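# Understanding the architecture of this molecule
Each chain, letter by letter, is given below.
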Amino acid sequence: MAAELGSRAMFVAGGTDLFPKLKRRQFEIDTVIGLDFLPREIHNGSNECTVDAGVTLADASRDAHVNARFKGYADAAGLVSSPPLRNAGTIGGNLCVDTRCNYYDMTYEWRKAAGFCMKKDGDICLVAPSSPRCWAVSSSDTAPMAIALDVMSLRLRATPEMRSAYVKLRRRGSIDFPIAGAAVAAQLDGDIVTSCRIVLSAVASYPLQATAAEAFLKGKRLDGEAIDQAAELAARPAKPLDNADLTHFWRKRMVRVVVEQALHRISDQGAGFDG
Amino acid sequence: MKNELARDVERVVLFLDVNGERRDLLLPVHKTLLEVLREDMQLTGTKHGCELGECGTCTVLIDGRPELSCLLLPVQLQGRAITTIEGMAHGAELHPLQTAFAELGAAQCGYCTPGILLSARSLLESNAKPSRDEIREALAGNLCRCTGYTKIIEAIELAAGRMK
Amino acid sequence: MRDRPHPPLRGDLPGERGGENLKVVGRPLPRVDAAAKVTGRAMYADDLLPARTLHCRILRSPHPHARILSIDTSAARRIPGVVAVITGSDLPIKFGILPVTQDERALEHEKVRYVGDPIAAVAATDEEIAAAACDAIAVEYEVLEPVMSINAALGVPKDERIQDYGGPNNVHKFVALEFGEVEGVFERADHVREDVFFFQGNTHLPMEQHSAVATYIDGKVTLWSSTQVVHYVHRALAKVLELPMHRIRVIGAAHGGGFGGKTDPFAHEIIVAKLAMMTGRPVKCTLTREEVFYAHRGRHPVLMWVRTGVTRDGQITAMHFRTALDGGAYGSYGVASTFYTGALQTVTYDIPAYRFEGCRVFTNKPPCGPKRGHGTPQPRFALELHLEKIAHDLGIDPVELKRRNFVKPDTRTVNWLRVTSCGLEECTEKVMVASRFRERKKQAGHGMGFAISSYLSGAGTAIYWNDMPHSEVQIKVDRGGVTAYCGAMDIGQGSDSVLATIVAEELGLQPADVRLVTADTDTTPIDLGSYSSRVTFMAGNAALEAARKMRALLVEAVEAGGHRFEDVTFEEASILAEARFGTLATAGSYTPPKIAGPYKGSGVGPSPAYSYSACVVDLDADARTGLITVNKVWIAHDVGRAINPLLVEGQVEGSVYMGLGEALMEEQAFRKGLHKWPSMLEYKSPTFLDMPEVETFIVETIDPEGPYGAKEAGQGPLLPVPPAVCAALHDALGVWIDEIPVTPEKVVEALRRKEKGEPARYGPSAFPSIPYPPTIKVEPPPKDPSATAASI
Ligand SMILES: Cc1cc2nc3c(=O)[nH]c(=O)nc-3n(C[C@H](O)[C@H](O)[C@H](O)COP(=O)(O)OP(=O)(O)OC[C@H]3O[C@@H](n4cnc5c(N)ncnc54)[C@H](O)[C@@H]3O)c2cc1C
Ligand code: SF4
Ligand code: FES
Ligand code: FES
């Protein structure tokens, strides 16, 4: 059906990302195809767990099994938007949430007054006028965590040594999208890092993997000094622009802090299976 | 919900369960629950402050859980129990939360009050004796500009105490 | 001019209503509209939908500054469902809240002055059609250079000025007054300090979007609106629609929050009335949230410079205060706002010589106006921090230094303001003790800060000059029922409850027994509305007078029947009185005393009484990130008398909330001529998780002129919060943030400067050179506090 309708149709799950955008005329479509028919359950196996795309963020964040084994994932889901939005918003929708930019997530009238940009209706970028591409920010909280956990189609797999943490920075305690975030998944042997993924939210157009920091940590003891250096490495490639809340200078500086905090959480955490 | 000037809008027949009563409606598909409640059912107790999911004023309960009526389409809600502020009292008897809000002055202008009462009711149904922090967490999607939240928290505690 | 005779003092009240024998006044009773509000039954303007209502949308300017060359509405008119389209030529008469600045049009047809300025309006059978029709209106513009800052407004405009009146370039208003001689005193002072501060603009953000519905029946317009002042809307409608007042009726619907933002008459109110007249059908307009940001009238961004001379032990000897206000595109209350940035400094601190220079400029932004504290939170912020810094210079405890300068009750300030009751000492002591401020330990990253404030209990002069009362109340009693009528508008602060409580107290009833008719220009006598914290004081006094007259009638009738009033029921008393006197109707009114000083501009600042607050903020601040967590706020407020302590606490807590929002995150910011974030997601209003515990202390000084001694609670307690936050931050990290809001990036930057050995502060570096006119020198009042302007 979607194929038939082409670009004039879109899927909708919870609608908490899509509907505000339709109201602001950021998408113009004739049809939305509800995904209510999709399964929406959490299947808990002994060391893996499958979360259907239709599961709400509220349910995912509260699920005991997900919390025990995939703490970072449960936390990320629980930090999205606000309580009523998490009751409607789904994890599938959260993975696909549109990139954001405060020149773009505005009403039609505002965008018209500002001059339309290339993401919709126009042909230049208002943030970086000389740039040939759009710099809207990937603002999903769970997407970086899913990448860090190396998740295929929301099948969360845990080994006994698996730990995960998500740290989100935003102006208020609720409602706000991330302006910087760090998702870390790591396996430790004692306090030695055997594998590790660090993925940043809200600092680029896609969840940004901090490969240098990952490589650095591998085989290291996860102590304060290693965390410091890893955080420094992780922050380096982050290039926030002036299209989200607060200044990009400060946001850049904060990337290091959120990575550090996430790594500290990992080091303080027991392994995934003792929950 | 705004769309293009599609005047020959598609309409659907819907059966909605609102406050325990079945309502039959013929509606344009793109009309939000907020608009349907207020305009087609005269249930104006549900308010709005942004219509973009940002303020929590339009909160209603869907199967007992708070959701934002400005971002819901009735087509998605067939067979689900919708509760609005009008469905909160038992007949002429106020819900203990309503009484506590009145007694402690937790409603000033009262505009955020319906949404906050419904969020609070959902909280107390899953957690009969929430801590202050749990109350703050549960209500963090509902903005209020008048009260500074203090009296709202106190009223929820008072109601929780009485409901046991 | 004469002082109005004081209503009886507490001790002079007749019978048992003297002393503390009050039955309902002072009790934490539920507000009279509580049931309607907790059940969703209260009807706000947007809840009204008369049969056949047309929906109105407004086309707004996409340019901050442009001439309109042409407007073509023909395509819009052709859209099926469109019933009427109007433009500026349909509503050419200008209006504005102040008689001196009638500079707004409901629809602009010559020139637009900010993004959001209304140009055309459509009435259609539904909102979607109306919006589509707005889209179909073609407007040709000649774009002009926008003026987006105070500095730009002071300079020569590139194209043309924004408004064609005011001072040089884009200056709107100058004020320059001097009370006593400051320069000589500065020379003799032991220490003189200068500082510059900036307070960014922010907005009210009421949860309810503005909404208005109009009908036109039998040649008469009726308008329901979410307004704070039915009377001013009434006047503006009469002027622009060219109808006599009696052919217009304005009714205040249940009100979803104002904070000053619904105190001006607005374009949409006039537009729906006009469209109703043209179409003969009800017309409704509810602003979108984005439009609410454009309606604005919020906090002025203010740049401030202050110089103060003190003695070695911290006694203020003279002060010179300069302000520059970014007014946005129109006058609004701006002339008053300008005066207010200089008026109340003297009401908290005894300043023997005082000079004030103020300047408001026009910029291409939505107009600024009155927000909670109207023009005074900005100078309060500057003044409190400035004194804090002086205390540090002198090595004196800041609380002690401020205390040494507190005004005393029953004095007159150097700028002629009459101070009567004043609970500053008591408020300070309350928060000092409760917060254990004096025992706090110096600890990096943790800090406590203290600040005080004062505010009006109603402006002593009306918006338009007249000798009539500011508030009137009528009471009707028949067959045991009581109804009170008053034009006052309950905007959530609880003014209806205050009226009911006062009437109930006098008549021996419960507030819930009193029926109320309020905020309806047809059926209620005048009240100037909910602004400047005037309703409890003014409508309260009017209600008190009307109720006492009614009580006298009842007592007389009962006693004539050989009984004592106390021994009969209210119903019995009312039957006796109705039989004896016929229709039972009494009236009361309140006119503020004429206490303004003998100089031009003295009308802004006088109030029959001032409230006082003191506040302590406790916070943690992280040196690395600049993030601040407010742990707790203690606040004591001298409300005179708490007619209902629940309402007072609610006002105080709400003020603290709004003060914290302004201090830490709220910002009406612009980028490239546009409002940067006209949405509730990007404009940051604190959530449940951002609000600390607040401990409130009510201090009662029983004001000699307030009803039962009451003053105000709705605005004053906001004022000390931002400076207390900054003082606490300095306590925690040793840096001054001289600019509101205090965002983490500013804290980090200040710390960086400190590390580099530069001044440990973040804030404006200089105050612009402003061509203030020659200062008007005003002789300070004689020391005798009972002296009035007339006796000079
Ligand atoms: C005020 C506000 C604050 C918010 N704050 C945050 C925040 O802090 N962090 C955050 O991450 N998000 C935030 N969001 C965005 C949004 O609420 C969440 O991302 C939510 O998880 C989206 O889920 P949904 O089911 O509602 O998605 P929808 O709106 O239904 O869909 C979003 C997108 O995903 C597509 N989609 C949905 N499901 C599927 C599927 N199963 N298969 C393929 N495509 C699919 C849709 O076509 C659409 O393009 C916020 C939204 C609002 C209005
Ligand atoms: S980054 Fe540039 S192109 Fe992308 S949405 Fe923002 S302004 Fe438009
Ligand atoms: S109206 Fe603001 S969230 Fe729905
Ligand atoms: S009571 Fe007014 S917004 Fe909450």
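Here's a quick rundown of the structure. (Residues numbered from 1 in each chain as written. Chains lettered and ligands numbered in written order. Predicted model: local features only at pLDDT ≥ 70, side-chain atom pairs only at ≥ 80, totals over all residues. Heavy atoms only, no water.)

## A few points about the overall build of chain A
Condition: Helix numbering and strand numbering both begin at the N terminus, where a helix is a DSSP run of H or I of at least 4 residues and a strand a DSSP run of E of at least 2. Here the radius of gyration uses the C-alpha set of atoms, whereas the globule reference equals 2.2 Å times the residue count to the power 0.38. Relative accessibility decides the category of a residue: with a 1.4 Å probe and only protein chains considered, values under 20% of the type maximum give buried, values over 50% give exposed, and everything between is partly exposed. By the convention used here, residues are in contact when the closest approach between their heavy atoms is within 4.5 Å. Only the protein chains shown count as cover for residues, and the accessible areas themselves come from Shrake-Rupley with a 1.4 Å probe. When charges are counted, Lys and Arg contribute as positive and Asp and Glu as negative, whereas His and the chain ends are disregarded. Where a charge lies is defined by one atom per residue type, namely NZ (Lys), CZ (Arg), CG (Asp) and CD (Glu).
Summing up its helical and strand segments, chain A has 12 helices and 9 strands in all. The C-alpha radius of gyration of chain A comes to 19 Å, within 12% of the 19 Å expected for a compact globule of 275 residues. In terms of overall dimensions, chain A has a C-alpha envelope of 55 × 45 × 30 Å along the principal axes. In chain A, buried positions account for 56% of the 275 residues. In chain A, of all internal contacts separated by at least 6 residues, the share reaching a separation of at least 24 is 59%. Carbon and sulfur atoms provide 53% of the accessible area of chain A, an area that totals close to 10,800 Å². For chain A, the distance from the average position of its 34 positive side-chain charges to the average position of its 32 negative side-chain charges is 4 Å.

## Some details on the pairing of strand β14 (residues 316-326) of chain C
Residues and elements named next belong to chain C. Basically, it comes down to this: In this analysis, strands are considered paired if DSSP registers two or more bridges between them.
Summarising burial for β14: 10 of the 11 residues are buried, a large majority. In terms of strand pairing, strand β13 (residues 302-310) meets β14 through 9 bridges, oriented antiparallel. Note on β14: the bridge partner recorded for L303 is A324. What sits between β13 and β14 in their antiparallel hairpin is a turn of 5 residues, with G314 showing a positive phi close to 90°. In this structure, β14 lies alongside strand β15 (residues 354-361), joined through 8 bridges in parallel fashion. When the bridges of β15 are listed, R322 appears paired with E357.

## Description of the site of ligand 2
Note the cut-off: We define proximity as follows: a residue is near a molecule or strand when any one of its heavy atoms falls within 4 Å of that partner. Residues are grouped as follows: Ala, Val, Leu, Ile, Met, Phe, Trp, Tyr, Cys and Pro are nonpolar; Asp, Glu, Lys and Arg are charged; every other residue, Gly included, is polar.
In the region of ligand 2, 13 residues are neighbours, and A:C101, A:C117, A:C125, A:C134 and A:W135 sit closest. When grouped by side-chain class, the residues that make up the shell around ligand 2 number 11 nonpolar, 1 polar and 1 charged.

## As for the site of ligand 1
Filter applied, for reference: Nitrogen and oxygen atoms within 3.5 Å of one another constitute a polar contact, given that in protein one can donate a hydrogen and the other can accept it, and given that sequence-neighbouring residues count only through two side-chain atoms.
If you check the shell around ligand 1, you find 34 residues, and the closest are A:F11, A:A13, A:T16, A:T90 and A:D141. The local environment of ligand 1 is shared, drawing residues from chains A and B. A:T90 has a polar side-chain atom sitting 2.6 Å from an oxygen atom of ligand 1. A:D176 has a polar backbone atom sitting 3.0 Å from an oxygen atom of ligand 1. Compared with its free state, where it exposes 970 Å², ligand 1 has 90% of that area covered by protein. Looking at the shell around ligand 1, the elements with two or more residues in it are β1 (9-12) and α7 (91-95) of chain A. Of the residues in the shell around ligand 1, the class split is 17 nonpolar, 12 polar and 5 charged.

## Observations regarding helix α11 (residues 377-394) of chain C
Residues three or four positions apart in an α-helix share a direction because the helix packs 3.6 residues into each turn. Residues and elements named next belong to chain C. As a reminder, the rule being used: Under the convention used throughout, the expected extent of a helix is 1.5 Å for every residue step, that is, one less than its residue count.
Its 18 residues place the ends of α11 26 Å apart at the C-alpha level, agreeing with the 26 Å of an ideal helix rising 1.5 Å per residue. Counting buried positions over the 18 residues of α11 gives 15, a clear majority of the element. Two residues or fewer past α11, G395 is found with a positive phi of approximately 70°.

## A look at a nonpolar patch on the surface
Selection rule: The patch calculation keeps residues exceeding 30% relative accessible area without a salt bridge and links them within 9 Å when they carry like charges or within 5 Å when they are nonpolar (Val, Leu, Ile, Met, Phe, Trp, Tyr). We define a salt bridge as a contact between a side-chain nitrogen of Lys or Arg and a carboxyl oxygen of Asp or Glu at a distance within 4 Å.
Together, B:V13, B:F15 and B:L26 make up an exposed nonpolar region whose accessible area comes to about 290 Å². Note on placement: B:L26 falls in strand β2 (residues 21-28).

## A short note on the sheet that holds strand β3 (residues 59-62) of chain B
Residue and element names in this part refer to chain B. Counted only if it meets this: Note on geometry: axes are C-alpha line fits, over the in-contact stretch for helices, and angles between N-to-C directions span 0 to 180 degrees.
Judged by pairing direction, the sheet is mixed, and its 5 strands sit side by side in the order β2-β1-β5-β3-β4 without closing on themselves. Edge positions in the sheet fall to β2 and β4 (65-68), since each has one partner strand and no second. Adjacent strand axes in the sheet meet at a mean angle of 45°, parallel and antiparallel pairs treated alike. As paired strands, β3 and β4 are joined by 4 bridges and run antiparallel to one another. In the strand pairing of β4, V60 is matched with E67. Sheet strands in contact with helix α1 (residues 33-40) are β1 (11-18), β2, β3 and β5 (81-83), and its direction is about 105° off that of β2. Across the face of the sheet, helix α3 (residues 113-126) comes into contact with β3, β4 and β5 while running at roughly 35° to β3.

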